[in-house]
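Letter by letter, the chains look like this.
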Amino acid sequence: MEIVSSRLSPALEKIFQLSGLNRNGMNTEPMEEKALDVYDVIRSIRDPEKPNTLEELEVVTEKCVEIQELNEDEFLIIIRFSPTVPHCSLATLIGLCIQVKLQRCLPFKHKLEIYISEGTHSTEEDINKQINDKERIAAAMENPNLREIVEQCVAEPDD
């Protein structure tokens, strides 16, 4: 029985993959589409100190976006971005820009978690706490100078 199961398993995996279903029968394609939609929103964010976008600098990539379904109409979005250097002093600001742009632009109900990719920053743990703290985000956006920088970073090129 084990031999049949081991031979059948790869075949079933391929069928699930081609059908867009996972083992639980849930359609995975909408999650991938939502992840691409999220990526399309964040890729055009401008770096706070360079004339490039986060996509151009490879701070964000399609692979950095993960979507999980919490219930029928709510999703958990997890973003893992990679600062350009391990001591980037603007990593918190980049996280804030991602947070603000997604809050403004996503048309579906969601919860958002933003992290620095593991091993890509010297103080990633501290920054991860800061960029996921709603009170700190609100306080940061009350600062007119910081708000202006965020607005410049999240503005679409045509704005």
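For the structure itself, consult the block above.
Residues numbered from 1 in each chain as written. Predicted model: local features only at pLDDT ≥ 70, side-chain atom pairs only at ≥ 80, totals over all residues. Heavy atoms only, no water.

(A) Representation of the sheet that holds strand β3 (residues 109-116) within the structure. The three strands lie next to each other as β1-β2-β3, forming an open sheet whose pairing is mixed. Each having just a single partner strand, β1 (65-71) and β3 make up the two edges of the open sheet. When the angles between neighbouring strand axes are averaged without regard to direction, this sheet yields 20 degrees. Bridge analysis of strand β2 (residues 74-81) against β3 gives eight bridges, and the strand direction is parallel. Residue pairing for β3: Ile78 is matched across the bridge by Glu113. Those strands touched by helix α4 (residues 124-131) are β2 and β3, and its axis lies near 160 degrees from that of β3. (Pairing = 2+ DSSP bridges. Helix = DSSP H or I, 4+ residues; strand = E, 2+ residues; numbered from the N terminus. Axes fitted to C-alpha atoms, helices over the stretch in contact; angles between N-to-C directions. Contact = heavy atoms within 4.5 Å.)

(B) Representation of the pattern of salt bridges. Within this structure, the stated rule accounts for six salt bridges. Two residues, Arg80 and Glu66, come together in a salt bridge whose shortest N-O distance is 3.3 Å. Residue Arg80 is found in strand β2, and its partner Glu66 is found in strand β1; the two are separated by 14 residues along the sequence. Among the residues examined, Arg80 registers a relative accessible area of 37% and is labelled partly exposed. In this structure Glu66 comes out as partly exposed when scored by relative accessible area, which is 31%. Taking the shortest distance from any N to any O, the salt bridge between Asp133 and Arg136 comes out at 3.9 Å. Given the relative accessible area of 27%, Asp133 is considered partly exposed. Connected through shared salt-bridge partners, Asp40, Arg43 and Glu55 make up one network. (Salt bridge = Lys/Arg side-chain N within 4 Å of Asp/Glu carboxyl O. Buried < 20%, exposed > 50% of the residue type's maximum accessible area, 1.4 Å probe, protein only.)

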